[in-house]
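# Structural description and commentary
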Amino acid sequence: MERHDQVPEIAMEWIRDGKEVVLATVIETWGSAPRPVGSQLVISSEMEIEGSVSGGCVEGAVVAEAMDSLADGHCRVLEFGVSDDEAFSVGLACGGTIHVIVEPVGVGTGPTQETIAEICAARRKRQAIALRIDLATWCRRLQAARGDGQGDPVFSSGSRIEGSEFVLVHVPPLKLVVVGAVHIAQPLLKIARLAGYSTVLVDPRDSFATQSRFPGEIIMTDWPDEALAILGLDARTAVVTLTHDPKLDDPAIRSVLDSEAFYLGCLGSRRTHEKRMQRLADSGVPRALIDERVHAPVGLDIGAASPAEIAVAIMAEITASLRNPGHSR
């Protein structure tokens, strides 16, 4: 997972290093705002930054306000208008307006370090948690969260204004489990991390699943069904099987079909997939469930040929499943 998706964790990392920290969060948007509500930027007392609250057009002003908040201990609500010229420079058709709150952690009216640590702990446990911030008094409270109650709550953070409060919902990080240490897995794992996923590679074949082929990757050499049971498959998890080997792919597929995972994609031709469906049906898996849940041949049809292009197609289909559940396969 890329660092821009780990703002609370980075805040705690810097605090442990003895630095002061400020959080900036988008709380409202109008027009073509560059970043959605709930987007965060973390700033250290040494002027380090991670994350973003815009496409780059207001970050400088936010950093300046962050330094002032450390000095005076006051949280503040900032309003920025993004001009049409600035919007065009960050890829938008027209401008918009954003409201951003700036909060010095552990200073004055800002959140306590303990509050940020509790958020990080919930994320480690893959639990959604909401921080309710009273914008008039800057009082805060944490509560369990399941999103915004509109559509599938797992796929939207649901951060929003409610009366005098801003509700900042932290959902568990996205996770991608790749079964099969094959060539396509190499670019796929990298692309997934860039898209904000934590990644795990599963393959019991020692000659395939090596650090020399996948440097720095988390690798599990358990059998896929055992590995998936250990990892857990919640509704923020996607699984891709790439081995073509029924001994490896089929147990993994059956595990995912019984889970909340939002995406299951399986590599192979249509003929290979037809054989796969027959095997699963023969083992008692309803054909309708296979048709509903399995994306195969895996990836959007973009004419991909190379391993890297196939990885792009797979990640595109995962994204479509995440952002537009029920899209046509």
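Up top is the structure these notes are about.
Computed from a predicted structure; not experimentally measured.

Before going further, it helps to examine the pairing of strand β6 (residues 129-134). Counting buried positions over the 6 residues of β6 gives 6, a clear majority of the element. Residue alternation in β6 divides its side chains into two sets, I129, L131 and I133 and A130, R132 and D134, and both sets are buried. Relative to strand β7 (residues 140-144), β6 runs antiparallel, the two sharing 5 bridges. Among the inter-strand pairings, A130 is bridged to a residue of β7, identified as Q143.

Helix length check: helix α8 (residues 270-282) (13 residues) gives 18 Å between terminal C-alpha atoms against 18 Å at 1.5 Å per residue, within 8%. Among all positions of α8, only H273, R276, M277 and L280 are buried. End-on, the buried residues of α8 take up no more than an arc of 100 degrees, which puts them together on one face. Opposite its buried face, α8 presents the exposed residues R271 and D282, each directed more than 90 degrees away.

Judged by nonpolar contacts, the single largest core of 26 residues is most densely connected at L176, L188, Y197, V240, L242 and I318. Those elements that place two or more of their residues in this core are β10 (174-179), α5 (185-194), β11 (197-202), β13 (237-241) and α10 (307-323). Here this core takes 5 residues from α10, the largest share from any one element. Setting aside its immediate chain neighbours within four residues, V240 contacts L176, V177, V178, V179, L188, Y263, G265, V298, I314 and I318.

With 14 residues, helix α2 (residues 59-72) extends 20 Å from end C-alpha to end C-alpha; this agrees with the ideal 20 Å at 1.5 Å per step. Once α2 ends, the next one or two residues include G73, with phi positive near 75 degrees.

Moving on, we come to the pattern of salt bridges. A full pass over the atoms with the stated rule returns 16 salt bridges. For R126, the salt bridge is made with D234, and the minimal N-O distance between the two is 2.6 Å. A residue pair is termed long-range when its members are at least 10 positions apart, and R126 in the loop between α4 (113-124) and β6 and D234 in the loop between α6 (224-231) and β13 qualify at 108 residues. A salt bridge links R132 to E162; the shortest N-O distance between them is 2.4 Å. Of this pair, R132 sits in strand β6 while E162 is found in strand β8 (residues 160-162), placing the two residues 30 residues apart along the sequence. Take R132: its relative accessible area is 9%, and that puts it in the buried class.

Thresholds, definitions, all that
Residue numbers run consecutively from 1 along every chain, following the written order of its sequence. Reporting of local features is limited, given that this is a predicted model, to residues whose pLDDT is at least 70; pairs of side-chain atoms are given and counted only at 80 or more, and all residues count toward the totals for whole chains, interfaces and linings. Side-chain calculation: all heavy atoms of the structure are included, whereas hydrogens and water are not. Any residue under 20% of the maximum accessible area for its type is buried, any over 50% is exposed, and the rest in between are partly exposed; the area is computed with a 1.4 Å probe on protein chains only. Each helix is a run of H or I in the DSSP string that is no shorter than four residues. Each strand is a run of E no shorter than two, and both are numbered from the N terminus. Here, strands pair whenever DSSP counts at least two bridges between them. Given a helix with a known number of residues, its expected span is that number minus one, times 1.5 Å. This arc corresponds to the set of directions leading from the helix axis out to the C-beta atoms. Residues enter a nonpolar core if they are buried and are Ala, Val, Leu, Ile, Met, Phe, Trp, Tyr or Cys, with the set joined through side-chain atoms within 4.5 Å. When checking whether two residues touch, look at their non-hydrogen atoms; a contact exists if any pair is within 4.5 Å. Put simply, a salt bridge is a Lys or Arg side-chain nitrogen that is within 4 Å of an Asp or Glu carboxyl oxygen.

Spatial relationships are all this shows, so hold off on functional conclusions.
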